[in-house]
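Geometric and topological summary
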Amino acid sequence: MASPTALHDTVLATFASAFGGAPTLVARAPGRVNLIGEHTDYNDGFVLPAAIGVATLVAARPRADRWIHVTAADFSGATSSFARDEPIAPDAAQPWADYVRGMVSAMRAVGHAIAGVDLAVAGNIPQGSGLSSSASLAVAVGTALSALNGLDLSPTAIALLAQSCECDFVGTRCGIMDQLVSARGRSGHALLIDCRSLACQPVPIPEDMAILIVHSGVVRGLVEGHYNERRASCEAAAAKLGVAALRDADLPLLEDARGHLSTVEHARARHVITENARTLQAAEALRAGDLVSLGELFAASHASMRDDFAITLPPIDALVAELQALIGGSCDGRGGARMTGGGFGGAVVAVVPKDYAAAITHALTYRTPAGAAPLVMVEQAGPGAGLV
Ligand code: ADP
Ligand code: MG
């Protein structure tokens, strides 16, 4: 994985080879790991993510004409071009460029004038792993274009535009978590986000706690379909419960209405209701440095994702179980593990005492479907998006 310096060099070299010369500015937006609160964001609920050290960089330089050109280091320098003043369509040949097209489209839709520009993109977030490379790309584009066009957008405004990019242009009906934490993340802190009010409460991460991200190597397939289907079930359950969103429901209400919900809707709603409660408890446990309680909440969250929300897969369950056993055995249960991100593959997050991170990584016997040792990232909470 490219180091921050190597990534910066890559984006500059990619820019120079596509457009010649140097960019006017480089924007950076981080990926994120969600500690807990899965599929709660689009239910107006609570999430507890942290921005991490890997990121997407966007190098930008204005053009005098009406064209927007973008090139991607991670897609062999492929390019995509569109006019700033014509309707913007998806690029079927370069789907990655839809996050750029969608961002410009979202910015234009709310009245921001976007000038012609050359853009180069490079990232070191493993894509499609539940670490939000997509949100980070959209937020980085928004940060670059806000600065270049003198828009002075707030991080929250950029996050909302990036969410609209993914929902309305790309077609994943995502919540606001990924974009908001990429835009507003804070070093050394997780963010407890109320996805209804968009209030972000920084929660300090204990000095002695490490965040391990372990890649299952299971590649997600057809994730948008699954994702949007889960969201539809949640909306159907909320409507039958007579609440605006599942955030407003509790378990007694759910049990009272049991006969009105399908078995699937009941299970999906139970996940969201219990996950919201766990997320608030986890923020308290984190604040108190109570890794034992945090570990128990992680375990319950994973079981709920597996049994009620049905978004895990057997290899991911096996990886989580192995991490939980290692944490139970070697750190007296201080810490825990769960799948992180939208599901159906991708990464697992574990929290452990710092002193044990290396030993646990070393002891892991899990192998990816390709038979390789999994990629393990030891991460710290880093800052949100900004100009480099
Ligand atoms: P995740 O957000 O969990 O990483 P997604 O499937 O939502 O997974 O988004 C991954 C997609 O985002 C990629 O397939 C690509 O289209 C786009 N993307 C992410 N990072 C980059 C990058 N560095 N360059 C170009 N496109 C990227
Ligand atoms: Mg994504």
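All figures in this text were calculated on a predicted structure; none of them were measured in a lab.

**Things to note about the site of ligand 1**
Not every one of the 16 residues close to ligand 1 is listed here, only the nearest: Asp74, Gly128, Ser133, Ser134 and Arg220. Between Asp74 and ligand 1, the recorded distance is 2.8 Å, taken from a side-chain N or O atom to a nitrogen atom. One of the side-chain nitrogen or oxygen atoms of Ser133 is found 2.6 Å away from an oxygen atom of ligand 1. When the free accessible area of ligand 1 is taken as 570 Å², the share hidden by the protein chains comes to 85%. Looking at the shell around ligand 1, the elements that each hand over two or more residues are strand S5 (117–123) and helix H3 (133–148). Looking at the shell around ligand 1 element by element, the count peaks at three residues for H3. Counted by class, the shell around ligand 1 contains six nonpolar, eight polar and two charged residues.

**Some details on the sheet that holds strand S9 (residues 336–339)**
Strand order in the open sheet formed by four strands is S9-S10-S8-S11, and the pairing between neighbours is antiparallel. With one partner strand each, in any of the chains shown, S9 and strand S11 (376–379) form the two edges of the open sheet. Pairs of neighbouring strands in the sheet enclose a mean axial angle of 20 degrees, with direction left out of account. Sheet topology places strand S8 (residues 209–215) next to strand S10 (residues 347–353); seven bridges connect them, and they run antiparallel. The residue bridging Ile211 from the neighbouring strand is Val351, located in S10. Its contacts with the sheet put helix H9 (residues 291–307) on S8, S9 and S10, and the angle it makes with S9 is roughly 25 degrees. Strands in contact with helix H10 (residues 314–330) are S8, S9 and S10; relative to S9, the strand with the most contacts, it is inclined by about 170 degrees.

Cut-offs and rules
Residues numbered from 1 in each chain as written. Chains lettered and ligands numbered in written order. Predicted model: local features only at pLDDT ≥ 70, side-chain atom pairs only at ≥ 80, totals over all residues. Heavy atoms only, no water. Near = heavy atom within 4 Å. Polar contact = N/O pair within 3.5 Å; in protein donor to acceptor, adjacent residues only side chain to side chain. Areas by Shrake-Rupley, 256 points an atom, 1.4 Å probe, with all protein chains shown as cover. Helix = DSSP H or I, 4+ residues; strand = E, 2+ residues; numbered from the N terminus. Nonpolar A, V, L, I, M, F, W, Y, C, P; charged D, E, K, R; others polar. Pairing = 2+ DSSP bridges. Axes fitted to C-alpha atoms, helices over the stretch in contact; angles between N-to-C directions. Contact = heavy atoms within 4.5 Å.

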